[in-house]
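As a plain string of letters, each chain reads:
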Amino acid sequence: MTKFISLKTSLPGPKSQEIAKRREKYIAKPMGSSLSPCYIAHGEGALVTDVDGNQFIDLTGGWGCLAVGHTHKKVVAAVKDQAEKYLHTDFTAVPYESLVELAEKLVELAPGDTPKAAAFFNSGAEAVENAVKIARAYTRRPAIIVFENAFHGRTLLTMTMTHKAMPYKYHFGPFAPEIYRLPFPSPSHPMANLENFEKILTNTVTPDSVAAIVVEPIQGEGGFNVPQEGFLEYLRKLTKKYGILLVTDEIQSGIGRTGKFFAIENWDIEPDIICLAKSLAAGLPLSAVIAKKEITDTLPGGCIGGTYVGNPLACRAALEVINIIEEEHLLDRALKIGERLKERFLQMKDKYPIVGDVHGIGAMMAIELVKDQKTKEPAPQETARIVQECIKNGVFVPTAGINKNLLRMLVSLEITDEQLDEALNVLERAIAKI
Ligand SMILES: Cc1ncc(COP(=O)(O)O)c(C=O)c1O
């Protein structure tokens, strides 16, 4: 018996099937197939009800955008209130206080004592693009270092920075120049001596032509890879040595998911630039670049921006997100969720040979599915079948990894223990079955 999952029709139900037919006809194929074959009618916290009245537990959180869950009452109230006042002005035409207040809050929360300033955009990719523009203009250098398994977006520059070729780079070249990819040392792919990283870097590109190293403190799409101990601290020292800026892409790992508001706070490091998006505005399009003010102050007015950037609805939502994280102690909750996930996943690893590894920080926890626990050969087909089995039983689980053989938890931090246990029971049965 399930308490939260309630499946009333076969899946997808008749109404979802009808919408899917129209989708087939009218939606461009590269828009991708969805994880869920069922179309949402309503979401609340970590629960989703579809158009046929089936209720699911959602571990995707809109690909990590819903730290505060679907339709948090405070976010909805703020957005409604804002919608009745004004929808758009463009901050550079007629400014509004909520954007200033949001910048103030983010700068206050950002790690380190150096004065900082924020700029706002619409998507994660735009934030990364602008971080690179700012870094290049400030340093007057062209090159950017990124990492193996990185994901930074789908625009020309950010798809170049993203590692995985299929589908993200599918005949979309020529790619942006001056992007150099280096290894990302992690516990599963350690570098015997971190000092070797400097040699790899200097053999790849002359360091005084490098504007920035852009790093996800914990890789998202790449499979929730945690950096090797000491690596980020080492990067900070190395970047200072060569006058390179350190940019953290916290688009997936930020906003509380790791138990800290900024993922980089898990280390004692002050980056030069931080990129945020996804959960920042509870699903409304908003991204932020928070940079040292000594950097942003050197750029001329108007050189970055965009018509819709920092739109008033999203700014109001983001202010609520920050309040909710504080008021509801969601950073502690992320750690508790993480402990619960880790405990269950490690039990599964003992029981099922297909579970090869468990890793992550806080609620950003993933399990790696392998054909053999020793060789760690990836098991992508089995992973896909587990996902389908979970959907059939009322749980949406996202995959990750360059080989698509990880299940990553991007669950709302509003999920209750009971809901989480129910979802994990479904997941465990699916793993056992496959
Ligand atoms: C770490 C990281 N950077 C950048 C992006 C791109 O964000 P967007 O899809 O909003 O452009 C993503 C999206 O998944 C991401 O996870």
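Residues numbered from 1 in each chain as written. Predicted model: local features only at pLDDT ≥ 70, side-chain atom pairs only at ≥ 80, totals over all residues. Heavy atoms only, no water.

## A look at the site of the ligand
Note the threshold: Nearness here has a simple test: a residue counts as near a molecule or strand if at least one of its heavy atoms is within 4 Å of that partner. Counting of polar contacts relies on pairs of N or O atoms within 3.5 Å, with two restrictions inside protein: one atom must be capable of donating a hydrogen and the other of accepting it, and residues adjacent in sequence are counted only when both atoms are side-chain atoms. Methods summary: accessible areas were calculated by the Shrake-Rupley approach with a probe of 1.4 Å, and residue burial reflects only the protein chains presented. Residues are grouped as follows: nonpolar covers Ala, Val, Leu, Ile, Met, Phe, Trp, Tyr, Cys and Pro; charged covers Asp, Glu, Lys and Arg; every other residue, Gly included, is treated as polar.
By nearness alone, every residue bordering the ligand is listed as Ser123, Gly124, Ala125, Phe151, His152, Gly153, Glu216, Asp249, Ile251, Gln252 and Lys278. Side-chain polar atom of Asp249 to a nitrogen atom of the ligand: 2.7 Å apart, as the coordinates give it. The contact in question runs from an oxygen atom of the ligand to an N or O atom on the side chain of Gln252, over 2.8 Å. In the complex, the protein chains occlude 84% of the 390 Å² of accessible area that the ligand would expose alone. Here the residues of the shell around the ligand sort into 3 nonpolar, 5 polar and 3 charged.

## A word on the sheet that holds strand β1 (residues 40-44)
Filter applied, for reference: Any two strands between which DSSP finds at least two bridges are classified as paired. Strands here mean DSSP runs of E at least two residues long; helices mean DSSP runs of H or I at least four residues long; both are numbered from the N terminus.
In space, the 4 strands of this open sheet follow the order β1-β2-β3-β13, with mixed pairing throughout. Taken across any chain shown, the strands that pair with only one partner, and hence form the sheet edges, are β1 and β13 (395-396). Where β1 meets strand β2 (residues 47-50), 4 bridges bridge the pair, whose relative direction is antiparallel. Paired with His42 across the bridge in β2 is Thr49.

## Quick notes on the side chain of Ser36
Selection rule: In this scheme, a residue with accessible area under 20% of its type's maximum is buried, one over 50% is exposed, and one in between is partly exposed, where area comes from a 1.4 Å probe on protein chains only.
By the element assignment, Ser36 lies in the loop between α1 (14-26) and β1. For Ser36, a relative accessible area of 15% puts it in the buried group. In this structure the side chain of Ser36 is engaged in a polar contact, spanning 2.8 Å, whose partner is the backbone oxygen of Cys38.

## Quick look at the packing of helix α4 (residues 97-109) against helix α10 (residues 312-327)
As a reminder of what qualifies: All axes are obtained by fitting lines to C-alpha atoms, using only the stretch in contact for helices, and the reported angles, taken between N-to-C directions, cover 0 to 180 degrees. Definitions for this section: a left-handed crossing has its near helix turned counterclockwise from the far helix by less than a right angle. A right-handed crossing has that turn clockwise. Residue contacts are counted whenever heavy atoms from the two residues lie within 4.5 Å of one another.
Between α4 and α10, the shortest axis-to-axis distance is 9 Å and the interhelical angle comes to 35°. Once α4 is placed against α10, the crossing between them reads as left-handed. Here Ser98, Leu99, Glu101, Leu102, Lys105, Leu106 and Leu109 of α4 come into contact with α10, specifically with Pro312, Cys315, Arg316, Ala318, Leu319, Ile322, Asn323 and Glu326. Its residues assigned to classes, the contact of α4 with α10 comprises 9 nonpolar, 2 polar and 4 charged.

## Looking at the pattern of salt bridges
Applied cut-off: By definition, a salt bridge exists where a carboxyl oxygen of Asp or Glu is found within 4 Å of a side-chain nitrogen of Lys or Arg.
If you walk through the whole model with that rule in mind, you get 20 salt bridges. For Arg408, the salt bridge is made with Glu221, and the minimal N-O distance between the two is 3.1 Å. Placement of Arg408 in strand β15 (residues 406-408) and of Glu221 in the loop between β7 (210-215) and α8 (231-242) is noted, with a sequence separation of 187 residues between them. For Arg408, a relative accessible area of 3% translates into the label buried. Three or more residues joined by partner-sharing salt bridges are found here, namely Arg333, Arg340, Asp417 and Asp421.

## Section: helix α13 (residues 417-433)
Quick reminder of the rule: Here the expected span of a helix is defined as 1.5 Å times the quantity of residues minus one.
Under the 1.5 Å per step criterion, the end-to-end length of α13 is 24 Å for 17 residues, consistent within 8% with the ideal 24 Å. Taken residue by residue, α13 has Gln419, Leu420, Glu422, Ala423, Leu424, Val426, Leu427, Glu428, Ala430 and Ile431 as its buried positions.

## Concerning the nonpolar core
Note the following rule: Nonpolar core, defined: a set of buried Ala, Val, Leu, Ile, Met, Phe, Trp, Tyr and Cys residues in which side-chain atoms within 4.5 Å join the residues together.
Ranked by size, the top nonpolar core spans 104 residues in total, and within it Leu106, Phe197 and Phe345 carry the most contacts. Top element by residues in this core is α10. It accounts for 9 residues. With 28 residues, the next largest nonpolar core counts Val132, Ala176, Ala211 and Cys275 among its residues.

## Quick notes on a nonpolar patch on the surface
Where we set the bar: Like-charged residues are merged into a patch within 9 Å and nonpolar side chains (Val, Leu, Ile, Met, Phe, Trp, Tyr) within 5 Å, provided each residue has over 30% relative accessible area and no salt bridge.
Together, Leu156, Met166, Tyr170, Phe172 and Phe175 make up an exposed nonpolar region whose accessible area comes to about 530 Å². With respect to the element layout, Phe175 can be found in the loop between α6 (156-161) and β6 (179-182).

## Describing the pairing of strand β12 (residues 364-369)
Among the 6 residues of β12, 6 are classified as buried, and the element is accordingly described as predominantly covered. Burial along β12 is two-sided: Met364, Ala366 and Glu368 and Met365, Ile367 and Leu369, pointing in opposite directions, are all buried. Pairing between strand β11 (residues 355-361) and β12: 6 bridges, direction antiparallel. Looking across to β12, one finds that Val358 is bridged to Ile367. Where β11 folds back onto β12 in an antiparallel hairpin, the turn is made up of 2 residues, including Gly362, whose phi is positive at roughly 60°. Bridge analysis of β12 against β15 gives 3 bridges, and the strand direction is antiparallel. Looking at the pairing, Ile367 lines up with Leu407 of β15.

## Remarks on the sheet that holds β6
Across the sheet, 7 strands lie side by side as β4-β10-β9-β8-β7-β5-β6; this open sheet has mixed pairing. What marks the edges here is a single partner per strand, and that holds for β4 (116-121) and β6. For this sheet, the mean angle separating the axes of adjacent strands, direction not counted, is 20°. Bridge analysis of strand β9 (residues 273-276) against strand β10 (residues 287-292) gives 4 bridges, and the strand direction is antiparallel. The residue bridging Ile273 from the neighbouring strand is Ala291, located in β10. Across the face of the sheet, α4 comes into contact with β4, β9 and β10 while running at roughly 130° to β4.

## Overview of the pairing of β9
Residue alternation in β9 divides its side chains into two sets, Ile273 and Cys275 and Ile274 and Leu276, and both sets are buried. Both strand β8 (residues 245-249) and β9 contribute to a ladder of 3 bridges, which runs parallel. Considered in β9, the bridge of Asp249 is made with Cys275.

## Points about the packing of helix α7 (residues 196-204) against α8
Basically, it comes down to this: Any angle that is under 35 degrees is reported as roughly parallel, and any over 145 degrees as roughly antiparallel; angles of 65 to 115 degrees are reported as roughly perpendicular and all others as oblique.
At a minimum axis distance of 11 Å, the contact between α7 and α8 shows a crossing angle of 45°. As far as their axial angle goes, α8 and α7 are oblique. Here α7 runs over α8; the crossing is right-handed. Of the residues in α8, those in contact with Phe197, Glu198, Leu201 and Thr202 of α7 are Phe231, Tyr234, Leu235, Leu238, Lys241 and Tyr242. Residue composition of the contact of α7 with α8, grouped by class: 7 nonpolar, 1 polar and 2 charged.

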